[in-house]
Amino acid sequence: VDTAWTNFGDLHLELPDGVGRRQGLELALRAAVQSGRLPPGTTLPASRTLARDLGLARGTVVDAYAQLVAEGYLRARAGAATTVAPGVGPAPSTAAARPMAVGPRPADLRPGDPDLGSFPRQRWLRAMRSALATAPDHALGYGDPRGDLDLRVALAAYLGRTRGVATTPDRLVVTSGFAQGLTLLLHVLRADGATRIAMEDPCLVLHRTIARREGIRVVPIPVDDDGARPDIGGDVAAAVITPAHHFPLGVTMSPQRRADWLTWARDHDRVVIEDDYDGEFRYDRQAVGALQGLDPDHVVYGGTTSKSLAPGLRLGWLALPERLVAPMVAAKSTADQRVATLNQLAFTELLRDGSFDRHLRSRRTAYRSRRDHLVQALAATTPWAQPVGIAAGLQLLLRLPEGGPTEADALEELARRDVLVGGSVVHDHHRQVPGVGGAALVVGYARPADHEYGEAIDRFVAALAGLA
Ligand SMILES: Cc1ncc(COP(=O)(O)O)c(C=O)c1O
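Residue positions are given per chain, counted from 1 along the sequence in the order it is written. Per-residue local features of the predicted model are confined to residues with pLDDT of at least 70, and side-chain atom pairs are confined, for both listing and counting, to 80 or more; whole-chain, interface and lining totals are unaffected and use all residues. With hydrogens and water set aside, each side-chain value is computed from the structure's full complement of heavy atoms.

1. Brief notes about the site of the ligand
Now for step 1: The environment of the ligand is formed by Gly177, Phe178, Ala179, Leu204, His207, Phe247, Asp275, Tyr277, Thr304, Ser306, Lys307 and Arg314.
Now for step 2: Separating an oxygen atom of the ligand from a backbone N or O atom of Phe178 is a distance of 2.7 Å.
Now for step 3: Within the contact set of the ligand, a nitrogen atom lies 2.5 Å away from a side-chain nitrogen or oxygen of Asp275.
Now for step 4: Side-chain classes follow a simple rule in which Ala, Val, Leu, Ile, Met, Phe, Trp, Tyr, Cys and Pro form the nonpolar group, Asp, Glu, Lys and Arg form the charged group, and the remainder, Gly included, forms the polar group. Of the residues in the shell around the ligand, the class split is five nonpolar, four polar and three charged. Throughout, the term near means that a residue has one or more heavy atoms lying within 4 Å of the molecule or strand in question. As used in this structure description, the phrase polar contact means that two N or O atoms lie within 3.5 Å; if the pair is within protein, one of them must be able to donate a hydrogen and the other to accept it, and residues adjacent in sequence are counted only when both atoms belong to side chains.

This is how it looks when you write it as structure tokens:
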């Protein structure tokens, strides 16, 4: 562990009773080094500072340091601060000491992350700088749990323009991603008596886990080529669906289905929760607008920057029907008050000056050509593996033929060849029934850096060919 950076101003020490002050200080310092609380390399405060903090004479600290230097616990060099000597303290755990296995870098095509190397660092840095230079002090306070007003104004305009979302700044809640938005919504619905919620089968397994943690039973929604089917009755509080691009099957919802969902929501007076996680990325035509725009009182729209910028930002939003705003504000407020202000301010700049639009356009071009490249490579080498779904998003579902390797065997064999992709069965509701959705791989073609992409696909396709 590199502790060279630990230059303590503060050092917590409890001097034991019943001994002299110098001896007490020596005991306390010795114990802190022996236990590993002060690891090798840690810089100790100047004797004058520590003396003042502990209410001791400076000479007492100087003497105690000198004693521990003589014993080998500390190291002192002329003109430099006193540090904890190398090699003292508890032996490092064998796990930490074991050298990392060195092998070929895996071709990493797991779904989830976009190309993180494409994050617009320079633009974000400028936006952060300008946020820090111009934000009034009060912007750094707790403020509105819904999020910064300027961001909500910019978001309402952006979502209306690009996704057909019909909302206003006061109906938007900025969240730390869709996962938090869903958690808070389910919490609010549960408090209102909900015991069951419908989710697509398959759906992102995390979302089912979140529902169960909130004490809500998940009812599966069947999915076919037209998207999720609303024939689930009214015995659920809400339905979570991915109309623009189903995860992980990749189908888009047909116009008739979209209308059917709105009918379901109105007939049963329920809400549809629209997860638009990758709605910005459609490659074969203009993206279909959000379902929410057709009935803002029955649809909650959820968006995120996790695919468009980076999941590490933890920045998303919900556009809510009026009746859910107050309980959601209360839920957000008790969860964590609000999303980190500086990120909100920086993102507002990117929305306002068109940088976010430009970033999306360039990502779209890059991901479209990556997807084309992948589909062509598969057609040329492994035509028995069938891409499913529309040209959109950041991942491709690949059906494995019946009678071929099981999904688990395929994943294991690919991993043995240092090729990582996702599976699909994990997202099915009925995992105990093998092959409910058929064996399939989920290929996250957005993940590798640009310069790694070609090789990652070559290795994937070659490894896949070896499974036949
Ligand atoms: C289906 C689906 N919804 C939503 C998200 C985004 O979640 P978050 O905004 O919490 O990062 C993901 C991310 O992988 C996803 O796959």
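2. Things to note about the sheet that holds strand β15 (residues 422-423)
Now for step 1: Between any two strands, pairing holds if DSSP finds at least two bridges. Helix and strand definitions here come from DSSP, where helices need a minimum of 4 consecutive H or I residues and strands a minimum of 2 consecutive E residues; each element is numbered from the N-terminal end. With antiparallel pairing, four strands are arranged side by side in an open sheet as β12-β13-β16-β15. A single partner strand is all that each edge strand has here, and the edge strands are β12 (386-388) and β15.
Now for step 2: Bridge analysis of β12 against strand β13 (residues 396-399) gives three bridges, and the strand direction is antiparallel. The partner of Gln386 across the bridge, within β13, is Arg399.
Now for step 3: Here, residues are in contact when the closest pair of their heavy atoms is within 4.5 Å. Between the N-to-C directions of two axes lies an angle of 0 to 180 degrees, each axis being a line fitted to C-alpha atoms and, for a helix, fitted only over the stretch in contact. Docked against the sheet, helix α12 (residues 355-381) engages β12, β13 and β16 (440-443), running at close to 10° with respect to β13.

3. Comments concerning the nonpolar core
Now for step 1: Ranked by size, the top nonpolar core spans 59 residues in total, and within it Phe347 and Phe460 carry the most contacts.
Now for step 2: Of all the elements, helix α14 (residues 450-465) adds the most residues to this core, at seven residues.
Now for step 3: Those residues in contact with Phe460, other than ones at most four positions away along the chain, are Leu109, Leu374, Leu378, Leu398, Leu414, Val419, Val421, Leu441 and Val443.
Now for step 4: Core analysis: the second largest hydrophobic core is formed by 28 residues, Leu186, Ile273, Val300 and Leu324 among them. Definition of nonpolar core: a set of buried residues of the types Ala, Val, Leu, Ile, Met, Phe, Trp, Tyr and Cys, connected through side-chain atoms within 4.5 Å. For every residue, the accessible area (1.4 Å probe, protein chains only) is compared with the maximum for its type, and the residue is labelled buried under 20%, exposed over 50%, or partly exposed between those bounds.

4. A short note on the environment of Arg196
Now for step 1: If you trace the backbone, Arg196 turns up in strand β5 (residues 196-201).
Now for step 2: Using a relative accessible area of 23% as the deciding quantity, one classes Arg196 as partly exposed.
Now for step 3: Sequence separation between Arg196 and Gln286 is 90 residues, and the spatial gap between their C-alpha atoms is 35 Å.
Now for step 4: In this structure Arg196 touches Ile216, Arg217, Val219, Asp235, Val236, Ala237 and Ala238, once residues within four positions along its chain are discounted.
Now for step 5: Among the polar contacts made by the side chain of Arg196, one reaches the main-chain carbonyl oxygen of Asp235 at a distance of 2.9 Å.

5. Re the packing of aromatic side chains
Now for step 1: Aromatic contacts are taken between Phe, Tyr and Trp rings whose centres are within 6.5 Å, Trp giving its six-membered ring; a plane angle under 30 degrees counts as stacked, one over 60 as edge-to-face, and the others as tilted. Counting across every chain of the model gives seven aromatic pairs.
Now for step 2: Members of the aromatic cluster, each reached through a chain of ring pairs, are Tyr158, Trp317, Phe347 and Phe356.
Now for step 3: Put simply, a charge is over a ring when the Lys NZ or the Arg CZ is close to the ring centre, within 6 Å, and near the line of the ring normal, within 35 degrees. Geometry around Tyr367 places Arg363 over its ring, the cationic atom sitting 5.0 Å from the centre.

6. A look at the side chain of Arg447
Now for step 1: Mapping Arg447 onto the fold places it in the loop between β16 and α14.
Now for step 2: A relative accessible area of 17% means that Arg447 is categorised as buried.

7. Here's the deal with the packing of helix α1 (residues 21-34) against helix α3 (residues 58-70)
Now for step 1: The geometry of α1 relative to α3 is characterised by a closest axis approach of 9 Å and an angle of 45° between their N-to-C directions. Relative to α3, α1 is oriented oblique. Between α1 and α3 the crossing geometry is right-handed. Residues Arg21, Arg22, Leu25, Glu26, Leu29 and Arg30 of α1 touch α3, and the partners they reach there are Thr60, Val61, Asp63, Ala64, Tyr65, Gln67 and Leu68. Roughly parallel means an angle under 35 degrees; roughly antiparallel, over 145; roughly perpendicular, 65 to 115; everything else is oblique. If you view the pair so one helix is near and one far, a crossing is left-handed when the near helix is turned anticlockwise from the far one by less than a right angle, and right-handed when it is turned clockwise.

8. Brief notes about the sheet that holds strand β8 (residues 238-241)
Now for step 1: With mixed pairing, the eight strands of this open sheet are ordered in space as β4-β11-β10-β9-β8-β5-β6-β7. Of all strands in the sheet, those with a lone pairing partner are β4 (172-175) and β7 (227-228), marking the two edges.
Now for step 2: Summarising the sheet, β5 and β8 pair through two bridges and their orientation is parallel. Paired with Met199 across the two strands is Val240, which belongs to β8.
Now for step 3: Here helix α6 (residues 149-163) sits on the sheet and contacts β4, β10 (299-304) and β11 (316-319); the angle it forms with β4, its principal contact strand, is near 100°.
Now for step 4: Each of β5, β6 (217-224) and β9 (271-275) is contacted by helix α8 (residues 205-213), which is oriented at about 170° to β5, the strand it contacts most.

9. Notes on the side chain of His427
Now for step 1: Looking at the secondary structure, you find His427 in the loop between β15 and β16.
Now for step 2: Here Val205 takes part through its backbone nitrogen, which lies 3.2 Å from a polar atom of the side chain of His427.
Now for step 3: Here His427 is in contact with Asp201, Pro202, Cys203, Leu204, Val205, Arg208, Phe247 and Pro248, once residues within four sequence places are set aside.

10. Topic: helix α13 (residues 407-416)
Now for step 1: Residues Glu407, Ala410 and Leu414 constitute the buried set of α13. With its buried residues spanning 60° around the axis, α13 presents them on a single face. Counted as exposed and oriented over 90 degrees from the buried face of α13: Ala408, Glu412 and Arg416.
Now for step 2: In the segment just after α13, Asp418 is the residue with positive phi, at about 60°. Think of the arc as the fan of directions from the helix axis to the C-beta atoms.

11. Some points on the packing of helix α2 (residues 47-54) against α3
Working note: a packed helix pair is described by the angle between its axes plus the distance between those axes.
Now for step 1: Their axes nearest at 8 Å, the elements α2 and α3 cross at an angle of 120°. Comparing their axes, α3 and α2 come out oblique. Note on packing geometry: the crossing formed by α2 with α3 is right-handed. Contact residues: Ser47, Arg48, Leu50 and Ala51 in α2; Arg58, Val61, Val62 and Tyr65 in α3.
Now for step 2: In terms of residue class, the contact of α2 with α3 is made up of five nonpolar, one polar and two charged.

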